[in-house]
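So you can see what is in the structure, the chains are spelled out below.
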Amino acid sequence: MADNAKLFNDINSGWTAILQALKQDQDVPAVSYKTWLTPLRPDSFSDNTLYVIYPGDRRGIDYIDKKYKFYLQRAIEYITGINCNIILITESDSRLPHTQKTMSSFITMNGNRLNPVYTFDNFVVGNSNKFAQAVSLAVAESPGELYNPLYIHGGVGLGKTHLMHAIALFILQNNPDARVLYTTCEAFNNDLLEAIRNKNNYTFRDKYRNADILLIDDIQFLSRGGEYIQEEIFNTFNHLYELKKQIVFASDRPPKEIDNIDTRIISRFLQGITVEILPPDLETRVAILRKKEEIENYNIDAEVINYIASKVKSNIRELEGALKKVIAFSKLNNKEVNLELAQETLKDHLSMYNEQEITSLRIREVVAEHFGIKVSDLASEKRSKDIAFPRHVAMYLCCELTTDSLTSIARVLGKKDHSTVIHGRNKIIEDMKTDEELKNKIEILKKKLSPS
């Protein structure tokens, strides 16, 4: 302990010189030095690791980590002779024990990272997500025994990834030897392609089929892959399932909404339990902002919290982003966080949060995102089924939800003649009379466009 205290005192007393050495060594511009480096301050020293506080959010930490951490370590060694590791933490992390501080950066497991903030304790439960949270906790408490596989779906930024990380962290906390593997569909595909290139399928299968708990995020992108990745997902699923290993998938849409994948895989998704996360209601949005305030050690007036919660309704990511924007604006301008400042900060952005403002352009973007295609494809001359069908859906929604003229809708969707819009709209209307799946698709898209 005495050694740690002495090392910390040596670094702390030379901190200004350390930062100046870094600035000179890397020729850091004055504005960058003031923004990123001068706010840093040493917090504590343990196990050859210096914990350094950054009084901002984790995105700032990620940036400093990538751009300056190596040179900061070098400057510390140059000024003090101490060769140590550095972990950047927030102010709220500084109150944690050292064992928990080491989790303030992403934890790397098998090439993938878990966010230690994404715990069950930090997941705000409301009517829109309480069933998904309860099932996820049950899976974490008894992996492989209940709800296998678990399939979580919902729109962007509603907490799917948070729950997946929470499951992984809960299991590791209670069983550090558990072979937990969190990955994304894209990473799975990249690993597979690498294995094929190197003719090393054994290593790939050893990684994925020896997991005790396999969590795959953004599984909807399976529709973009070829038959080979679908075959690997299918065989990996069967292998783990037979061994009673826990499998968790997350997607932005229900299993039956994912196009262009093998029906055998859809049947596997539906074999366990499927849970949906919906956009949070006002009460939950307020609670989410309060939780963010607690984690980041803010002190925000209730009037400001309620204002942001009432204006930003689409998803949690945008909700927290609006709060961060207000805090950042306050710090940069050295102003108190109050309702007037929040209104001034968000005035240019509130239109995107206004649920009444549904335009053909917004519908085009939401439909493209939902079906996993490019906006440019939706407005192109392409007539393949995977493009034509979403285009017809967009035409129907534009006619249904906006007051735009048929000519205007046609222009937004890359068509010259408004009769094309009429045809697309009528086709969806006719198909919905007999196609329950299509009706569900339309309802999901309406929820995305106009969250409650």
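Residues numbered from 1 in each chain as written. Predicted model: local features only at pLDDT ≥ 70, side-chain atom pairs only at ≥ 80, totals over all residues. Heavy atoms only, no water.

Enquirer: Kindly report on the overall build of the chain, identifying the contributing residues and their values.
Expert: Summing up its helical and strand segments, the chain has 23 helices and 10 strands in all. Against the compact-globule benchmark of 22 Å for 452 residues, the chain has a radius of gyration of 25 Å, which places it among compact chains. Dimensions of the chain, computed from C-alpha atoms along their principal axes, come out at roughly 75 × 55 × 40 Å. Across the 452 residues that make up the chain, the buried fraction comes to 48%. (Helix = DSSP H or I, 4+ residues; strand = E, 2+ residues; numbered from the N terminus. Rg over C-alpha atoms; globule rule 2.2 N^0.38 Å. Buried < 20%, exposed > 50% of the residue type's maximum accessible area, 1.4 Å probe, protein only.)

Enquirer: Could you give an account of the layout of surface pockets, naming the residues involved and the relevant values?
Expert: Counted as a void, the largest pocket has a volume near 1100 Å³. Together, 41 residues line the largest pocket, and Asn 115, Tyr 118, Thr 161, Arg 317 and Glu 320 are the ones closest to its centre. Those elements that provide at least two residues to the lining of the largest pocket are helix H4 (58–67), strand S5 (112–114), helix H8 (160–174), helix H13 (282–295) and helix H15 (316–333). The element that contributes the greatest number of residues to the lining of the largest pocket is H15, accounting for 5 residues. (1 Å grid on protein atoms, 1.4 Å probe; cavity = no way out; pocket = protein on both sides within 12 Å on 5 of 7 lines; lining within 4 Å. Points joined across faces, edges and corners; volume = space filled by probe spheres on them.)

Enquirer: Describe the confidence of the model for the chain, naming the residues involved and giving the relevant values.
Expert: For the chain, mean pLDDT is 84; residues scoring 70 or higher make up 92% of the total. Here helix H6 (residues 98–101) is the element of the chain with the lowest mean pLDDT, 46, and strand S9 (residues 246–251) is the one with the highest, 96. Below a pLDDT of 50 lies the segment residues 98–105, which in the model reaches 24 contacts outside its immediate sequence neighbourhood of four places, other chains included. (pLDDT = per-residue confidence, 0-100. Contact = heavy atoms within 4.5 Å.)

Enquirer: Lay out the pairing of strand S7 (residues 180–184) in plain terms, naming residues and giving numbers.
Expert: Most of S7 sits inside the fold, with 4 of its 5 residues counted as buried. Pairing analysis gives 5 bridges linking S7 to strand S8 (residues 213–217), with the strands arranged parallel. Bridge pairing in S8 places Thr 183 opposite Ile 216. (Pairing = 2+ DSSP bridges.)

Enquirer: Kindly report on the side chain of Asn 129, identifying the contributing residues and their values.
Expert: Assignment of secondary structure puts Asn 129 in the loop between S5 and helix H7 (130–141). A polar contact is formed between the side chain of Asn 129 and the backbone nitrogen of Gly 126, at a distance of 2.8 Å. Dropping the residues within four chain positions of it, Asn 129 is found in contact with Phe 123, Val 124 and Ile 277. (Polar contact = N/O pair within 3.5 Å; in protein donor to acceptor, adjacent residues only side chain to side chain.)

Enquirer: Let's hear about the nonpolar core: which residues, and what values?
Expert: Ranked by internal contacts, the top residues of the largest apolar core, which has 28 residues, are Leu 150, Ile 167, Val 180, Leu 215 and Val 248. Of all the secondary-structure elements, those providing two or more residues to this core are H7, strand S6 (150–154), H8, S7, S8, S9 and strand S10 (273–277). Of the residues forming this core, the biggest block, 8 residues, is contributed by H8. Those residues within four positions of Leu 215 in sequence are excluded, and the remaining contacts are Met 164, Ile 167, Ala 168, Val 180, Leu 181, Tyr 182, Thr 183 and Val 248. Grouped together as the second largest cluster of nonpolar side chains are 26 residues, Ile 363, Ala 394, Ile 428 and Ile 442 included. (Core = buried A, V, L, I, M, F, W, Y, C linked by side-chain atoms within 4.5 Å.)

Enquirer: Talk me through the pattern of salt bridges; I want residue IDs and the actual numbers.
Expert: All chains considered together, the criterion is met by 18 salt bridges. The partner of Asp 262 in a salt bridge is Arg 264, with the nearest N and O atoms 3.1 Å apart. Take Arg 264: its relative accessible area is 32%, and that puts it in the partly exposed class. (Salt bridge = Lys/Arg side-chain N within 4 Å of Asp/Glu carboxyl O.)

Enquirer: Outline the sheet that holds S6, supporting the account with residue identities and numerical values.
Expert: Pairing is parallel in the open sheet, where 5 strands are placed in the order S7-S8-S9-S6-S10. Each end of this open sheet is capped by a strand with a single partner; those strands are S7 and S10. With direction set aside, neighbouring strand axes in the sheet form an average angle of 15°. Here H7 sits on the sheet in contact with S6, S9 and S10, set at roughly 135° to S10. Along the sheet, helix H9 (residues 185–197) makes contact with S7 and S8, crossing S7 at roughly 95°. (Axes fitted to C-alpha atoms, helices over the stretch in contact; angles between N-to-C directions.)

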